[in-house]
Every structure is written in C-alpha cells, then in structure tokens.
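So you can see what is in the structure, the chains are spelled out below.
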Amino acid sequence: MKHRVEFSTFCIITTLACLALFVGCTFIIPEIWWQIGWGAFISILLIICLCYMPMSIGADENAIYINRSLKIKSIAMTEVKSAKLHTPSSGTIRTCGSGGFLGYWGWFREREVGNYFAYYGQMKDCFLVELKDGRKYLLGCKNAPDMVEYINKQIK
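Residues numbered from 1 in each chain as written. Predicted model: local features only at pLDDT ≥ 70, side-chain atom pairs only at ≥ 80, totals over all residues. Heavy atoms only, no water.

**Student:** Looking at this structure, I do not really get the side chain of Ser56. What am I missing?
**Tutor:** Topologically, Ser56 is positioned in strand E2 (residues 54–59). One polar contact links Ser56 to Asn67, side chain to side chain, over a distance of 2.8 Å. Excluding its chain neighbours within four sequence positions, the residues that come into contact with Ser56 are Lys2, His3, Arg4, Val5, Tyr65, Ile66 and Asn67. (Helix = DSSP H or I, 4+ residues; strand = E, 2+ residues; numbered from the N terminus. Polar contact = N/O pair within 3.5 Å; in protein donor to acceptor, adjacent residues only side chain to side chain. Contact = heavy atoms within 4.5 Å.)

Here it is, written out as structure tokens:
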C-alpha cells in the first residue's frame, strides 16, 4: 500500500515564494563572488530540505516507508506500538524543521502528544505512529484512514 503526500496551498505558496526570493536575491547582488557564495548556500539548503521532503507514505507487512525526495526512511512493523488518526493542534510548536517550505517536516511538540518527528503535506491527512521505544512520528498521506487501518492490521 502506498499513498502520495499532497501539499496544502500554504506549502505550495510558501515554497514558491521562498524559491523566488532566493533566486531574486542572487541576481541583485552585484559582485560575482557574492552571487557564487549565495548560490552555493541556496544549493546546500535545498539539498538538505530535499532529504526530508515527504513524497509518499507506503507500508507492507514488514515496514512503514517514508519516501522522501532523496532518501527512503523505513520503520519496522515490529517496532510499531500503535497508529491512529491525529490532526496537529493550533498549539503545535515547531522546534526544528520546516513549517511549510517543501512540506512540513522536522521536530514538533504538542502538549497532548509530546515531541514527535513529522513528515506531511496537509494537516487534515495526518496520523500518529507511536513506537515501542516511545518515539513518535506524525505522517501524512492522501488516504490516511486506510493507511492507519492497514498498519493496525499488520501490528496485531
């Protein structure tokens, strides 16, 4: 089972605005060596962001797969304690990560849930995966209820 991560309008607008700002700043700097340095900085930033940007969430009987642009992260089903639908609250605090640029990813904190690592594109498509060692992941994909049901069948 595999479902795409769909990005919210806010994510799309934020990503396009940031990219336009980065490119625009590159060309308003008159010195070539500043342009090269700024271009290198932007390239490194984009590579780091692409390593975390979620593209799709997949699962089979062995693992949950978080398909990112440049890497695939897997979570073994034997490590999963529970999976349930969860929408981030308005009191969610981003401690380190992206709040819309190329999706939502990174460390977040909520009063009810605690700390978790997130990979999602829209808040309405999220589900929380808790591992036996206490780690938590907030994942998001197009058919989140189907994914939660599938994961719960696999861990029982």
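This is not the end of the story, as more comes after the structure.
**Student:** Even after reading the chapter, I still don't get the sheet that holds strand E3 (residues 63–68), so can you show me in this structure?
**Tutor:** The strands making up a sheet associate through backbone hydrogen bonding, with each pair oriented either parallel or antiparallel. An order of E1-E2-E3-E4 is seen for the four strands of this open sheet, with the pairing classed as antiparallel. Every interior strand has two partners, whereas the edge strands, strand E1 (2–4) and strand E4 (72–76), have only one. Between one strand axis and the next, the sheet turns by 15° as a mean value, whatever way the strands run. As paired elements, E2 and E3 share five bridges and run antiparallel to each other. Pairing of Gly58 across the sheet is with Tyr65, part of E3. (Pairing = 2+ DSSP bridges. Axes fitted to C-alpha atoms, helices over the stretch in contact; angles between N-to-C directions.)

**Student:** Just checking my understanding: could you explain the pattern of salt bridges for this structure?
**Tutor:** Pairing between side chains becomes possible if they bear opposite charge and their charged atoms approach one another. All told, the structure shown has six salt bridges when counted by the stated rule. Of the charged contacts, one joins Glu6 and Lys142 as a salt bridge, the two residues approaching to 3.7 Å between their closest N and O atoms. Of the two residues, Glu6 is situated in the loop between E1 and helix H1 (9–28) and Lys142 in the loop between strand E10 (136–140) and helix H3 (144–155); the sequence distance between them amounts to 136 residues. Using a relative accessible area of 23% as the deciding quantity, one classes Glu6 as partly exposed. With a relative accessible area of 46%, Lys142 lands in the partly exposed category. Via salt bridges that share partners, Arg4, Glu6 and Lys142 belong to a single interconnected network. (Salt bridge = Lys/Arg side-chain N within 4 Å of Asp/Glu carboxyl O. Buried < 20%, exposed > 50% of the residue type's maximum accessible area, 1.4 Å probe, protein only.)

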